[in-house]
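Take a look at the letters that make up each chain.
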Amino acid sequence: MDRKTRLPGRSRISYAKWGYIFIAPFFIAYICCTLIPQLMTFYNSLFMNYRDGLMQVGPKFVGLDNYVKLFSPDNTGNIGILKYFCNTMILWIMGAVPQFVIAMLLAVFFTSYRLNIRGQHFFKTVIYMPNLIMASAFSMLFFTLFSNIGPVNQILISAGWIDTAIDFFSMKITVRSLIATMNFLMWFGNTTILLMAGIMGIDQSIFEAATIDGANAWQVFRRVTLPLLMPILIYVVITALIGGLQMFDVPQVLTKGMGMPDRTSTTMVMYLNNFLTTSKNYGMAGAVSVVLFIISAAMSFIVYGTLNKQYKNMK
């Protein structure tokens, strides 16, 4: 049908305009709620604007001084933003690697036409339930369980395995492990559901043909499932990476905002939040936000390019 159709007794009707009308709310919301705040964040990062006690300093235009200060070593010779970026990546990798592995295994297991597992809706609900729990509640639960007087220490002492309570929050490895475990428990269900949807979208006749040709389970997964699932896998990895770089609530609540021990569990967003809650330094907070945005975009492009190249090589 032509874009414009003349109806009896009526003027021309343009059908093309309705497409623009339907998508207009998204662009309006994006411009007002995302694009303009992003531009304002970059604009504010060019100003010195903070509170010193009861006195407000600025706003005063300082150009890129906030960025220079951000990447300047402190009294100990460390560059804070690089340290916190490394903390964030370590915490994300510790939780993301088992998340992807377990989610992939569960997705393949539940969608296997050979096993034909019943009650998939029940299992989907069960594995997704941890994602419904608020991160702050999850963190408070783990803080209570692993505190010096918590159930974990009491069980270990009662069993005779330890004599005194273990201070889990004074050791870097235990704090990071707890944060990674919580992130894994909260998000592996969501990843499993997405991967299951991707596998279920593959024509089952392809799996049957591979089996008839003599391919074993690993060969079917390596040569059939993984290449066809790669577009979904790229989406899952990139969204998980962006979410990991924005990690805040779990370590913030678990460590009471201190990133203990010795700031080894302080993430990029926790570092940003310190500027907003302590000195009200909006200029430095804006600079951290812009750097975080650039890092997220750069790493997303790198992951997309790497996985997409592997996907093309698998074809």
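Residues numbered from 1 in each chain as written. Predicted model: local features only at pLDDT ≥ 70, side-chain atom pairs only at ≥ 80, totals over all residues. Heavy atoms only, no water.

Undergrad: Hey, could you go over the overall build of the protein for me, with residue numbers and the actual values?
TA: Each helix and strand in the protein was counted, giving twelve helices and four strands. The C-alpha atoms of the protein give a radius of gyration of 25 Å, which is well past the 20 Å a tight globule of 315 residues would have. Principal-axis analysis of the C-alpha atoms places the extent of the protein at approximately 70 × 70 × 40 Å. Taken over 315 residues, the protein has a buried fraction of 38%. (Helix = DSSP H or I, 4+ residues; strand = E, 2+ residues; numbered from the N terminus. Rg over C-alpha atoms; globule rule 2.2 N^0.38 Å. Buried < 20%, exposed > 50% of the residue type's maximum accessible area, 1.4 Å probe, protein only.)

Undergrad: Help me get a handle on the nonpolar core, residues and values and all.
TA: In terms of nonpolar packing, the biggest core is built from 62 residues, with Leu70, Trp92 and Leu195 touching the most fellow members. Listed by contribution, the elements that provide at least two residues to this core are α2 (65-70), α3 (80-111), α5 (135-145), α7 (172-200), α9 (217-245), α10 (249-254), α11 (268-277) and α12 (282-314). Take this core: its biggest share by element is twelve residues, from α9. Ignoring sequence-local partners within four residues, the contact set of Leu195 consists of Ala103, Met104, Ala107, Leu229, Ile232, Leu233 and Val236. If you look at the next biggest cluster of nonpolar residues, it comprises six residues, including Phe207, Ala210, Ala215 and Val224. (Core = buried A, V, L, I, M, F, W, Y, C linked by side-chain atoms within 4.5 Å. Contact = heavy atoms within 4.5 Å.)

Undergrad: Go over the side chain of Ser296, please, and point to the residues and values.
TA: Here Ser296 lies in helix α12. A distance of 2.8 Å separates the side chain of Ser296 from the backbone oxygen of Leu292, its partner in a polar contact. (Polar contact = N/O pair within 3.5 Å; in protein donor to acceptor, adjacent residues only side chain to side chain.)

Undergrad: Could you give an account of α11, naming the residues involved and the relevant values?
TA: Among the ten residues of α11, seven are classified as buried, and the element is accordingly described as predominantly covered. Taken residue by residue, α11 has Met268, Val269, Met270, Tyr271, Leu272, Asn273 and Phe275 as its buried positions.

Undergrad: So, the environment of Thr164: which residues are in play, and what are the values?
TA: The topology assignment puts Thr164 in the loop between α6 (151-158) and α7. Taking C-alpha positions, Thr164 is 9.4 Å from Gln154, a pair spaced ten residues apart along the chain.

Undergrad: Account for the packing of aromatic side chains, naming residues and giving values.
TA: All chains considered together, the criterion is met by 14 aromatic pairs. Taken together, a centroid distance of 6.4 Å and an interplanar angle of 35 degrees make the contact between Trp18 and Phe22 tilted. With a gap of four residues between them, Trp18 and Phe22 both fall in helix α1 (residues 16-44), about one helical turn apart. A relative accessible area of 66% means that Phe22 is categorised as exposed. Grouped by ring-pair contacts, the aromatic residues Phe138, Phe142, Phe146 and Phe168 constitute a single cluster. (Phe/Tyr/Trp six-rings, centres within 6.5 Å; stacked < 30°, edge-to-face > 60°.)

Undergrad: Can you lay out the pairing of strand β4 (residues 55-61) for me, pointing to particular residues and giving the numbers?
TA: Here strand β3 (residues 47-52) pairs with β4 via five bridges, running antiparallel. Opposite Asp52, over in β4, you have Met55 as the bridge partner. Between β3 and β4, which pair antiparallel and follow one another directly, the connecting turn spans two residues, one of which, Gly53, has a positive phi of 70 degrees. (Pairing = 2+ DSSP bridges.)

Undergrad: Can you explain the packing of helix α4 (residues 120-128) against α7? Please cite residues and give values.
TA: Here α4 crosses α7 at 145 degrees, and the two axes come no closer than 7 Å. On the side of α4, the interface is formed by Gln120, Lys124, Ile127 and Tyr128, while α7 contributes Phe188, Gly189, Asn190, Thr192, Ile193, Met196 and Met200. A breakdown of the residues in the contact of α4 with α7 according to their chemical character gives six nonpolar, four polar and one charged. (Axes fitted to C-alpha atoms, helices over the stretch in contact; angles between N-to-C directions. Nonpolar A, V, L, I, M, F, W, Y, C, P; charged D, E, K, R; others polar.)

Undergrad: Describe the side chain of Thr225, and please don't skip the residues or the numbers.
TA: Looking at the secondary structure, you find Thr225 in helix α9. Aside from chain neighbours lying at most four places away, what touches Thr225 is Ile199, Ile202, Phe207 and Val220.

Undergrad: Go over unusual backbone geometry with me, naming the residues and quoting the values.
TA: Here the bond from Met260 into Pro261 is cis, since omega is -5 degrees, no more than 30 degrees from zero. With respect to the helices and strands, Pro261 occurs in the loop between α10 and α11. The backbone of Arg263 shows a phi angle near 60 degrees, a positive value even though the residue is not glycine. The residue Arg263 is located in the loop between α10 and α11 in this model. Take Arg263: its relative accessible area is 30%, and that puts it in the partly exposed class.

Undergrad: So what about the state of the cysteines? Which residues, and what values?
TA: Summed over the entire model, instances satisfying the criterion amount to zero disulfides. The structure places no disulfide on Cys33, whose sulfur is separated from the nearest cysteine sulfur, that of Cys32, by 6.0 Å. (Disulfide = S-S within 2.5 Å.)

Undergrad: I'd like to hear about the confidence of the model for the protein, residue by residue, with values.
TA: Averaged over every residue, the pLDDT of the protein is 86; residues scoring 70 or more account for 94%. Per-residue pLDDT stays below 50 along residues 1-5; that stretch engages in 13 contacts with residues further than four places along the chain or on separate chains. (pLDDT = per-residue confidence, 0-100.)

Undergrad: An account of the environment of Phe27 is needed here, citing residue identities and associated values.
TA: Mapped onto the elements of the fold, Phe27 is located in helix α1. Along the chain, Phe27 and Ala135 lie 108 residues apart, while their C-alpha atoms are 30 Å from each other.

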